Amino acid sequence: MWGGRYKLGPAEIMEKINASIGFDRRLYAQDIAGSLAHCDMLVAQGILSAKDGRAIKRGLVKVREEIEAGRFKFSTKLEDIHFNVEGRLTDLIGPAGGRLHTARSRNDQIALDVRLWVRDTIDRLEPMLADLQAALIDRADEYAATIMPGFTHLQTAQPITFGHHLMAYVEMVGRDRSRLSDCRARLNESPLGAAALAGSPHPIDPRKTARALGFDRPMANSLDAVSDRDYVVEFIAAASLTAVHLSRLSEEIVLWCSAPFRFISLSDAFTTGSSIMPQKRNPDAAELTRAKVGRIVGAFTALCIILKGLPLTYGKDMQEDKEPLFDAADSLELGIAAMTGMVRDLKANPERMRAVASADYSVATDLADWLVRKVGLPFRQAHHVTGRLVGIAADKGVDLDKLTLAEMQAVEPKIDRGVYRVLTVEASVNARKSLGGTAPANVARAVKEARKRFLPTKWGGGPKGRRGQTHGF
């Protein structure tokens, strides 16, 4: 396929290290789509005859059908998806197949294929992330008033609601969708027409191929067009942060399912048993989703290292971008699907959650706030008074609301019986009505607003993104 410069074939090890068809065959649909658009442009510009153009398009459709039917024979001797498709095209239609590569190089061809693949992947992930948000919002609605402990340092801090906790992840996923949308907008330029690196002497029309392939415009600089992989790095960076969010929720699910917590349970659909301990129910789906972040962040690191020392323009090093890209995308897609399933599957244990939320003096801050509001103490003094009362209650082994009024007044004489109204977890969460707070009424409003902001038009839609897409952030 290289032409007359080489008299001998490659060494066996050279063929093995050089071939990429083992993984870049995944780009066949994008490669053929780009070739069809390039063929139309060549015909429109008079570079290719209409007769040859029709033959090439028929041949490309036939190649695509063979690949999708599993009848196509990929060859490592033809190195990559480009030569495999072109080789089979020439087999089918004869020498006219060789005219397709006019005004094009494998450099701008692979740049196009990967760009299209990343764009297609983002378009596939977008509704999956919206579905995850929908699952989280539905469960938040169901558990809007379910009290659980809020933690700092994994120590009981203040009572919150389970719905409020889940809505935090709705916001995270919204940012994940926004980052992918931004990435898609930046990558949506066509590199076709750059050829090897310097452009083409033929009277090509890069704007025509850009429009045909759904790009906003052709890339402005031919060197940048063939060497740019920023969009791959950006996509994997966005995927890494999304995976971090999935991992954080996975970690919480693992904790919540454990015997010391017993906050939630997962069904047989998302757990496994033990080969030796018959009582076990292991949250393996959450653990594996938690682990996926290692592969995705590893892909990000690998790609940065591959690119960091490359001079302009193309180097064969760039062939190594595809395996980490594919693996990162596959891992993220699987993790999103698994997390969506777990969120829909989980069942809360409200009694256990409330019991833990009520322990460890979680309403101490409510007492301090009451001393500020009702007694007029400076917060630092109120904090000190509350700390002394917590110490007395701890010494007695009772909760704050079990201290007598006399015991409280011995520390602060201005305390009256009204204090007992704030010393319950229900009073605590209901009082936190500030913007973004955990009060059940707030959660109910947040659920309603989130459906409008984030979810598809069945919920009223969100603001329109680029090219008419509904992103809702």
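Quick note: structure is the one above.
Cut-offs and rules
Residues numbered from 1 in each chain as written. Predicted model: local features only at pLDDT ≥ 70, side-chain atom pairs only at ≥ 80, totals over all residues. Heavy atoms only, no water. Helix = DSSP H or I, 4+ residues; strand = E, 2+ residues; numbered from the N terminus. Buried < 20%, exposed > 50% of the residue type's maximum accessible area, 1.4 Å probe, protein only. Polar contact = N/O pair within 3.5 Å; in protein donor to acceptor, adjacent residues only side chain to side chain. Contact = heavy atoms within 4.5 Å. Expected span 1.5 Å × (residues − 1). Phe/Tyr/Trp six-rings, centres within 6.5 Å; stacked < 30°, edge-to-face > 60°. Lys NZ or Arg CZ within 6 Å of the ring centre and 35° of its normal. Patch = residues over 30% accessible without salt bridge, like charges linked within 9 Å, V, L, I, M, F, W, Y side chains within 5 Å. Areas by Shrake-Rupley, 256 points an atom, 1.4 Å probe, with all protein chains shown as cover. Salt bridge = Lys/Arg side-chain N within 4 Å of Asp/Glu carboxyl O. Core = buried A, V, L, I, M, F, W, Y, C linked by side-chain atoms within 4.5 Å. Pairing = 2+ DSSP bridges.

Attention now goes to the side chain of asparagine 107. You can see asparagine 107 is positioned in helix H6 (residues 106–142). Given the relative accessible area of 16%, asparagine 107 is considered buried. A polar contact of 2.9 Å, which involves the side chain of asparagine 107, links it to the backbone oxygen of alanine 196. In this structure, asparagine 107 is in contact with Ala195, Ala196, Val226 and Tyr314, ignoring residues within four places of it in sequence.

Let us look at the environment of lysine 374. Mapped onto the secondary structure, lysine 374 falls in helix H14 (residues 364–375). Lysine 374 gets classed as exposed once you look at its relative accessible area, which sits at 60%. Distance from lysine 374 to leucine 266, taken between C-alpha atoms, is 45 Å for residues 108 residues apart in sequence.

Taking 1.5 Å per residue, 13 residues should reach 18 Å; helix H5 (residues 81–93) reaches 18 Å between its end C-alpha atoms and fits that length. Along H5, the residues that are buried comprise Ile81, His82, Phe83, Asn84, Val85, Glu86, Gly87 and Leu89. Of the residues that open H5, the one with a side-chain oxygen 3.1 Å from the backbone nitrogen of histidine 82 is aspartate 80. Once H5 ends, the next one or two residues include glycine 94, with phi positive near 90°.

Scanning the entire structure with this criterion turns up 6 aromatic pairs. Between phenylalanine 162 and tryptophan 256 the ring centres are 5.4 Å apart and the planes differ by 80°, which places this aromatic pair in the edge-to-face class. Separated by 94 residues along the polypeptide, phenylalanine 162 in helix H7 (residues 162–187) and tryptophan 256 in helix H10 (residues 230–257) bring together distant segments of the chain. Taken individually, phenylalanine 162 and tryptophan 256 each receive the classification buried, so the pair is uniform in this respect. In textbook terms, an aromatic cluster arises when at least three aromatic residues are bridged by ring pairs, as seen for Tyr143, Phe162 and Trp256. Directly above the ring of phenylalanine 326 sits arginine 26, whose terminal nitrogen or CZ lies 4.7 Å from the centroid.

Let us look at a nonpolar patch on the surface. There is a patch of nonpolar side chains on the surface, built from Ile13, Met14 and Ile17 and spanning about 330 Å² of accessible area. Positionally, methionine 14 belongs in helix H1 (residues 12–18). A residue is classified by how much of its surface remains accessible, and methionine 14, at 38% relative accessible area, is partly exposed.

Turning next to the nonpolar core. The biggest cluster of nonpolar side chains holds 89 residues, and the ones touching the most others in it are Phe162 and Phe235. Here this core takes 14 residues from H6, the largest share from any one element.

Note that strand S1 (residues 147–152) and strand S2 (residues 155–161) share 6 bridges and pair antiparallel. Paired with threonine 152 across the strands is glutamine 155, a residue of S2. The antiparallel pairing of S1 with S2 creates a hairpin that spans 2 residues between the two strands, and histidine 153 there sits at a positive phi of about 60°.

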